[in-house]
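Residue-level listing of the chains:
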Amino acid sequence: MISVLLFLSSFVSSFILSFRHAAIFGFVLYQVIYFFNPQNRWWGSSVPDLGYSFFSVAFMALILLLNWSECKNNKLTQLPSFRWLYFFVLIYSAVYIWSILPSYHMDAVIPLVKGAIILSIAFKLCTTYKSLDYILYGYVIGAAYLGYYISQVGRNSGDRVEGIGMVDAPEANGVAAALAPAAITCLFYFWRNTSLKLKFPFVIAGAFIVNALVLINSRGAMLGVAAGGAYFMWRLFFAPVQRKYQKLTVILIALAGLSSLVYVVDQSTIERIYSISQESKVDESRETGATRLVFWAAAWDMTKDHPLGLGRGGFEINAPLYIPSYINTGANRNRAVHSSWFEALSEAGYLGFIVFIMIIFTSFTMLRRSKAELAAPEFLDDYFKVVCIESMFISLLLAMTFLNRMRSELFLWCVLFVACAYNIYYLRKLHLTQK
């Protein structure tokens, strides 16, 4: 019943706020639906059976039309990362012609095209620095709900949690990768807000998110949170411009975070973390975490023979031809490559891989330019908002290194967050006029 009330209240409030407060709440509605995913929840029969995702996208388009006079100033052509993203969509669509499984590949092309369209609309709607806050809040709210839902389900598959995913991430590792950057978002807003009553919601949200990551036991997501969180804390500690007692605050936050882990980390999680170093070398006699290195090498060899890529499913079909017969890969050799980098390489070929890298490279270039515009004491909060987005992206990219998440919603969202910050703080410099 709680889930139903949370979903309906979030749905209705986002809908109303889109008209009464800010157009960007149209995208917040889409974020909420993505994480709640009512069609695949046990409580889904308690809410109207609607095409919620389609409704939210159509609603975003309507809101954009109603606010076109303001939103038209956001120029998609000025975003380097979006230009590369559109090029990647074009390349990936073209692979259909020579893909080994055309219909299966098309099932991936359509969501990618839709994702690019949704991203473009959402960027248009994000017109102020507050709008950027709202979509980061929307992400945290959705992730916190999913963390709450996972805590209710508990470990239902050995030391893992299964059957709790979103539309594009049905399995546990994909869910963990989607949640990992949200922990860093909570960390930023906990630091930024000086009032205890404003800090408290992010403490609760962060607790649900971290607890969910522990229950899922995804090593890639753990590494992502550790790397992204460490980078954010490092930037806070060594920032050239700081608040009063900022270094002390960073130390206290770090100590509090480490102390809280004592209450959520169990023996199973400790063993999973310990196994990262234990399974760093390939064992030819049994499957381990390092066995994926064999799959990565196979993807590289496969691309040499198929430089234009084989499309979605191409690696899985051909993997046994490139994996040495003496390597024990577990029950099945026809498996995913388990890395977004090699997913791009094997599915879209050398050109697609290069373009995929350029999306990421230009995103970090845009972040660097945005930070340069905010290197002044009066823009400290906005500066670290950009650092937070940078840390979130680092967290997701590290998790993606061990998963096929090249076309994932969260990857596209991180590209969007970067683009919005770049537009607001670098292209339009709204922090100078609206603060």
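The protein chain has the name O-antigen ligase family protein in an unreviewed UniProt entry, where Paraglaciecola chathamensis is given as its organism. What UniProt states about the protein chain under its Subcellular location (unreviewed entry) heading is, verbatim, "Membrane".

A. Focus on the nonpolar core. In this structure, F27, F35, L132, I150, L179 and F411 are the most contacted members of the largest nonpolar core, which totals 129 residues. Looking at this core element by element, the count peaks at 15 residues for helix α17 (residues 409-427). In this structure, V294, L310, A319 and I327 belong to the second largest nonpolar core, which totals 13 residues.

B. Representation of helix α3 (residues 52-66). Along its 15 residues, α3 runs 21 Å from first to last C-alpha, staying within 8% of the 21 Å computed at 1.5 Å per residue. Three or more residues of α3 are buried, namely Y52, S56, F59, M60, I63 and L64. Here the buried residues of α3 occupy an arc of 140 degrees about the axis, which is enough to place them on one side. Those residues of α3 that are exposed and angled more than 90 degrees off the buried face are F54 and L65. In this structure, the buried side of α3 is in contact with α1 (2-20), α2 (25-36), α4 (68-71) and α6 (102-125).

C. View of the pattern of salt bridges. Applying the stated rule across the entire model yields nine salt bridges. Between R192 and D133 there is a salt bridge, with the nearest N and O atoms lying 3.3 Å from each other. Here D133 lies in helix α7 (residues 129-153) and R192 lies in helix α8 (residues 172-192), a separation of 59 residues in the sequence. With its nearest N and O atoms 3.8 Å apart, the salt bridge here joins E390 to R235. Pair noted here: E390 is in helix α16 (residues 380-400) and R235 is in helix α10 (residues 219-237), with a separation of 155 residues, a long-range link. Here the residues in one salt-bridge network are D133, R192, D382 and K385, joined through shared partners.

D. Representation of unusual backbone geometry in the model. Although it is not a glycine, N37 sits at a positive phi angle of roughly 45 degrees. In this fold, N37 is placed in the loop between α2 and α3. A positive phi is found at H338, a non-glycine position, where the angle reads about 60 degrees.

E. Summary view of the environment of W413. Position of W413 among the secondary structure elements: in helix α17. With 282 residues separating them in the primary sequence, W413 and S131 have C-alpha atoms 14 Å apart. W413 has contacts with F27, Y30, Q31, Y34, F35, L119 and Y139, leaving out every residue within four places of it along the chain.

F. Structural detail: the side chain of S340. With respect to the secondary-structure elements, S340 resides in helix α15 (residues 340-373). Among the residues examined, S340 registers a relative accessible area of 0% and is labelled buried. Ignoring sequence-local partners within four residues, the contact set of S340 consists of F356, M400, T401, L403, N404, R405 and M406.

G. Examining the environment of G174 more closely. Take G174: it is sitting in helix α8. On the accessibility criterion, G174 (0% relative accessible area) is buried. For the pair G174 and A399, spaced 225 residues apart in sequence, the C-alpha separation works out to 8.9 Å. If near-sequence neighbours (up to four positions away) are discounted, G174 is found in contact with A169, L403 and R405.

H. Quick look at the packing of helix α5 (residues 80-94) against α6. Running from N to C, α5 and α6 point in directions that differ by 160 degrees, and their axes come no closer than 10 Å. Compared by their axis directions, α5 and α6 come out roughly antiparallel. Regarding α5 and α6, the two cross each other, and that crossing is left-handed. Contacts between α5 and α6 involve F82, L85, Y86, F88, V89, Y92 and S93 from the first element and H105, A108, V109, L112, V113, A116, L119, S120 and F123 from the second. Of the residues that constitute the contact of α5 with α6, the class distribution is 13 nonpolar, three polar and no charged.

About the criteria used
- Residues numbered from 1 in each chain as written.
- Predicted model: local features only at pLDDT ≥ 70, side-chain atom pairs only at ≥ 80, totals over all residues.
- Heavy atoms only, no water.
- UniProt positions renumbered as here; feature names shortened; annotations may be inferred.
- Core = buried A, V, L, I, M, F, W, Y, C linked by side-chain atoms within 4.5 Å.
- Buried < 20%, exposed > 50% of the residue type's maximum accessible area, 1.4 Å probe, protein only.
- Helix = DSSP H or I, 4+ residues; strand = E, 2+ residues; numbered from the N terminus.
- Expected span 1.5 Å × (residues − 1).
- Arc of directions from axis to C-beta.
- Contact = heavy atoms within 4.5 Å.
- Salt bridge = Lys/Arg side-chain N within 4 Å of Asp/Glu carboxyl O.
- Axes fitted to C-alpha atoms, helices over the stretch in contact; angles between N-to-C directions.
- Parallel < 35°, antiparallel > 145°, perpendicular 65-115°, else oblique.
- Left-handed = near helix turned anticlockwise from the far one by under 90°.
- Nonpolar A, V, L, I, M, F, W, Y, C, P; charged D, E, K, R; others polar.

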